[in-house]
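# Chain and residue survey
Each chain, written out:
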Amino acid sequence: MTQLEQAYAQGLYTLAQEEHIADEILQQLTVLKDTVSTQYLELLSTPALSKEERCGLLDAAFRDKVHIYVLNFLKILTEKGYIRHFSHCCDAYREQYNRDNGILPVTAVTAVPMTQAQQTRLKEKLEALTGKTVVYLDAFSGASYPETSLPKQLLPMSAKQLPSYGGNLDTA
């Protein structure tokens, strides 16, 4: 994340904290980040439209649908020519929120899928070790994604199919 993205996110986060709406803003930013298309952000960046027209597009799409702080945040990013940084600004906002609320996002990568009981035990253990609230516990295993499992890709390959790096695998 760049300093620009962190600075804009920090500004919005500070305002949201002062107004006691940091949770609401985070939820809305998350939804927008996940749903606003790259093409729409490109449209908001195009010099073919005036800043007023681009902000008008934001008003038409989001007025009375998101908090005014979120709408104004989008407008500021658009006016300054930074709307392409929106996704990373959302990430920076979430990082600040997590830091201030003692939240530790976790992804568990396992060889086989974990049961719900195993996920719960892992969550409890991580919380005990870190003193933080563990959330967003994503769990997936190599077994779920066989096409990305490196050992499964390498097994059928013979030594002669592997690239040579100056040594001979047959005599190594």
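What comes next concerns the included structure.

Procedures and definitions
- Residues numbered from 1 in each chain as written.
- Predicted model: local features only at pLDDT ≥ 70, side-chain atom pairs only at ≥ 80, totals over all residues.
- Heavy atoms only, no water.
- Helix = DSSP H or I, 4+ residues; strand = E, 2+ residues; numbered from the N terminus.
- Buried < 20%, exposed > 50% of the residue type's maximum accessible area, 1.4 Å probe, protein only.
- Axes fitted to C-alpha atoms, helices over the stretch in contact; angles between N-to-C directions.
- Parallel < 35°, antiparallel > 145°, perpendicular 65-115°, else oblique.
- Left-handed = near helix turned anticlockwise from the far one by under 90°.
- Contact = heavy atoms within 4.5 Å.
- Nonpolar A, V, L, I, M, F, W, Y, C, P; charged D, E, K, R; others polar.
- Phe/Tyr/Trp six-rings, centres within 6.5 Å; stacked < 30°, edge-to-face > 60°.

## Section: the overall build of the protein
For the protein, the helix and strand inventory stands at 8 helices and 2 strands. Sequence-ordered secondary structure for the protein, helices as α and strands as β, is α-α-α-α-α-α-β-α-β-α. Split into buried and exposed, the 172 residues of the protein put 27% on the buried side.

## What to know about the packing of helix α4 (residues 51-62) against helix α5 (residues 68-80)
Put simply, α4 and α5 touch, their axes get as near as 10 Å, and they point 155° apart. Compared by their axis directions, α4 and α5 come out roughly antiparallel. α5 is crossed by α4, and the crossing has right-handed handedness. Where α4 abuts α5, its residues Lys-51, Arg-54, Cys-55, Leu-58, Asp-59 and Phe-62 lie against Leu-71, Leu-74, Lys-75, Thr-78 and Glu-79. Residues that form the contact of α4 with α5 fall into these classes: 5 nonpolar, 1 polar and 5 charged.

## Details of the packing of aromatic side chains
Taken as a whole and judged by the stated rule, the model has 3 aromatic pairs. Geometrically, the ring pair formed by Tyr-8 and Tyr-82 is edge-to-face, given 5.7 Å between the ring centres and 65° between the ring planes. Pair noted here: Tyr-8 is in helix α1 (residues 3-18) and Tyr-82 is in the loop between α5 and α6 (86-100), with a separation of 74 residues, a long-range link. Look at Tyr-8 and you get partly exposed, because its relative accessible area is 23%.

Function-wise, these values are silent; they only describe arrangement.
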